[in-house]
Each structure stands twice: as C-alpha cells, then as structure tokens.
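# Breakdown of the fold
Okay, here's what each chain looks like letter by letter:
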Amino acid sequence: MYKFAFPLFLFIAVLLNDTSCSKTSLRLEVIADWGGLPVFPYKTFVELAVGREMAYLASKLEIDAVLALGDNFYLDGVKSVNDLRFKETFETAFNYESLHVPWLVVAGNHDYYGNVSAQIAYTKISDRWFFPDFYYVKRFTVPMSNMTADVIMIDTVLLCGYTSPEHPYEQPLLDSIPLKTREKHWKWLEDTLKLSRANYVLVCGHYPVYSIATHGPTKCLVDRLQPLLFKYNVTAYFSGHDHNLQHIQVLGRGQTMDYFVTGSANFIDPSTKNIREIPPGSLRFHWNDPFSLGAFSYLDINASNMTVTFVLSNGKILYISSKKPRYYN
C-alpha cells in the first residue's frame, strides 16, 4: 500500500508499462454520493470536476464500467422516469464519449426519498444506465485470462430497513415494506455469495460497514453483512454515504476484509467524529479535504491482483492498495 501525489499521466504510464495494445485487465471506476443539486444548475462543481477526470482516465484506459453506489439524485431522488434530473444531473454532467459504458447503479437513502422504481425503469431508456432491480449481480471476465469477477450490487437501505441507520428508530424506511421482503434480500445475498466461484467478488452498497466520519459504522451491516463477507471470502466491500475516502481493513477468521468508502463525488465532509468506533488499528487511509473538488476510485483487476486507487479530480493519486484473487484458475 502506497501513497502518491503525482500527475495522472505518470500513473497511466506505470499501468501501461508495455507497448502492447492488448488490454490485460478489467477496469472500473467507482463513485458514490454524486447526485448533484435539486435546483438549477442541478450539478455541483465537485461533481463536474470528478466527471471530467473520470472521463479523462476512461479515455486513456478504456474503462469497462462505472459503479454508482447511491445517492444518485440529491436531495429527494426522482419523481418519475421522465424526471429532468436524469438529463440534468446524469446525462449532462457525465456527457463524455469515454463514459458511455455501463453504469451499474444501486440506490442510496436519498434515492428512497423519491421513486427508486423510476430509477430502475430508466434502465430501459438509457443506453448506459444499468439498474435492473433493487439488487443484482453482474459477472465480468478478466481480459487475457479465464478468470472472472462478480460485482454484487446490494440495497443496504432495504437490507437494514431504514433511511437513517444511525438513528433507526427515528426514520423508519416505509411501514409498507414488510420484514419478509428484507429477509428475502438477505437470503438472496447469502445464496449469491455461496454460489459464486468468481476469482474476485466485490460487494457494493450505499451504507458503509465501518466509517470514521459523520454517519459512522452501520450496525445492521456490522452485525449481519460482515460475517457473510468473511464466511464467503469476499474480496472487498465498496460503499459511500459518508462524503470522503476511506480504506478500513479488518482482521477476522484468519483473513482480512477490506472496506472502501468512496463518497466524495459531490460534497466533501471533513468529519472524523466516529474514528473511535471502528476496530483499533483498522484505518489504512482517510482523505477529507473540503477545499478540493472531489475524488473517485479506480479499480484495475487482472490475473494477479486487484488494485484500488483513490484519484483526485485534478488527476493526482492519493492512495493505492492491492489484493490477491480468492483463488487462481
């Protein structure tokens, strides 16, 4: 694990350290809490800056997909599939040819203040918005190999049943969603993890398991999700909700679990109020500069390892971490 601060083009040169035109890795970008503004101009300077750098990186590295991990439209989601926010906050802010790749989307708590079903329906309208259901799995093949990566998109609002997990008794999700619906999701998740034989398994949701920032750990996920991640040897968990970057690595069951928070694509939160609420010694990296124009994550997955890189919107590299596959074919 390393920390860098140099221009992005040097990083690209390192990644492409051969003269071959053959692509040898699966390449993903990850953002969360990126949902612009509910009033004109429907975008923030941070969102626009992050979008430009994502597009630049994507144009150089041929990104395969973007993972968009909730709070897609601030502050109250969308009203219908025809809501202008799809155009003004998504299609316009990220209107770059290099970003016309599949966007794997999942809902956050602010999306639940509106109509999540409308976001799912938008999948049939957009040629890149991929949100087929509240939760789903997408399998990728690692180029130049017979290895695979499963990206499991989960609905943490539905799993926990609350739009504010740190105050669960103050803001219940919806009385109309029965416990059996949430338990169905938990069963689907365990069944999906149990059946996966992918070399890399990435679980992605909106709420973090652990966080040192404003919202802190999500008790529901610490209690129920973390044991599943360890049991089924998940490669990493990606989330947002807190508006900064974090890498938290927890030891358990003779292995490590890596948690990445990447919620800095629209606002930046400098808080560290919950730094004592995570396992001692587990914080590997944290960034929360409120005077910056945001950041995102870049994942490079090849036959040897998965590299997670935190990238500032000005192209500088903040941090790099890597992890081996679960097993080799």
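Residues numbered from 1 in each chain as written. Predicted model: local features only at pLDDT ≥ 70, side-chain atom pairs only at ≥ 80, totals over all residues. Heavy atoms only, no water.

The protein goes by Tartrate-resistant acid phosphatase type 5 in an unreviewed UniProt entry, where it is assigned to Argiope bruennichi.

## Observations concerning the UniProt feature "glycosylation site" (unreviewed entry) in the protein
Here is the rule we go by: UniProt positions are given in the numbering used here, feature names are shortened, and annotations may be inferred rather than shown by experiment. Elements are defined by DSSP. Helices are runs of H or I of four residues or more, strands are runs of E of two residues or more, and each kind is numbered from the N terminus. Each residue is assigned to one of three classes by its accessible area relative to the maximum for its type, calculated with a 1.4 Å probe on protein chains only: buried under 20%, partly exposed between the two thresholds, exposed over 50%. Between two residues, a contact is recorded if the distance between any of their heavy atoms is within 4.5 Å. Counting of polar contacts relies on pairs of N or O atoms within 3.5 Å, with two restrictions inside protein: one atom must be capable of donating a hydrogen and the other of accepting it, and residues adjacent in sequence are counted only when both atoms are side-chain atoms.
Mapped onto this numbering, the UniProt entry gives "glycosylation site" (unreviewed entry) at N115. Of note, N115 is situated in the loop between α4 (109-112) and α5 (116-121). Assessed through its relative accessible area of 29%, N115 is described here as partly exposed. Those residues in contact with N115 that lie beyond four places of it in its chain are V78 and K79. Engagement of the side chain of N115 in a polar contact is seen with the backbone oxygen of K79, the distance being 3.3 Å.

## Structural notes on helix α7 (residues 179-195)
Inclusion rule: How far a helix is expected to stretch is found by multiplying one less than its residue total by 1.5 Å. This arc is taken over the directions from the axis of the helix to the C-beta atoms.
In a regular helix each residue adds 1.5 Å, so 17 residues correspond to 24 Å; α7 covers 24 Å between its end C-alpha atoms and thus fits that length. Within α7, burial applies to R182, H185, W186, L189, T192 and L193. The buried residues of α7 occupy an angular sector of 130° when the element is viewed end-on, so they sit on one face. Exposed residues on α7 whose side chains face more than 90 degrees from its buried face are K180, K184, K187 and L195. Contact partners of the buried residues in α7: β5 (136-141), β6 (148-153), α6 (156-160), β7 (200-204) and α8 (219-231).

## Section: unusual backbone geometry
Of note, the bond from F40 into P41 is cis; its omega dihedral lies within 30 degrees of zero at 10°. When you line up the elements, P41 lands in the loop between β1 (26-31) and α2 (45-61). With an omega of 0°, the peptide bond between Y74 and L75 qualifies as cis. Structurally, L75 is set in the loop between β2 (65-69) and α3 (85-91). The backbone phi angle of H241 is positive, close to 75°, even though this residue is not glycine.

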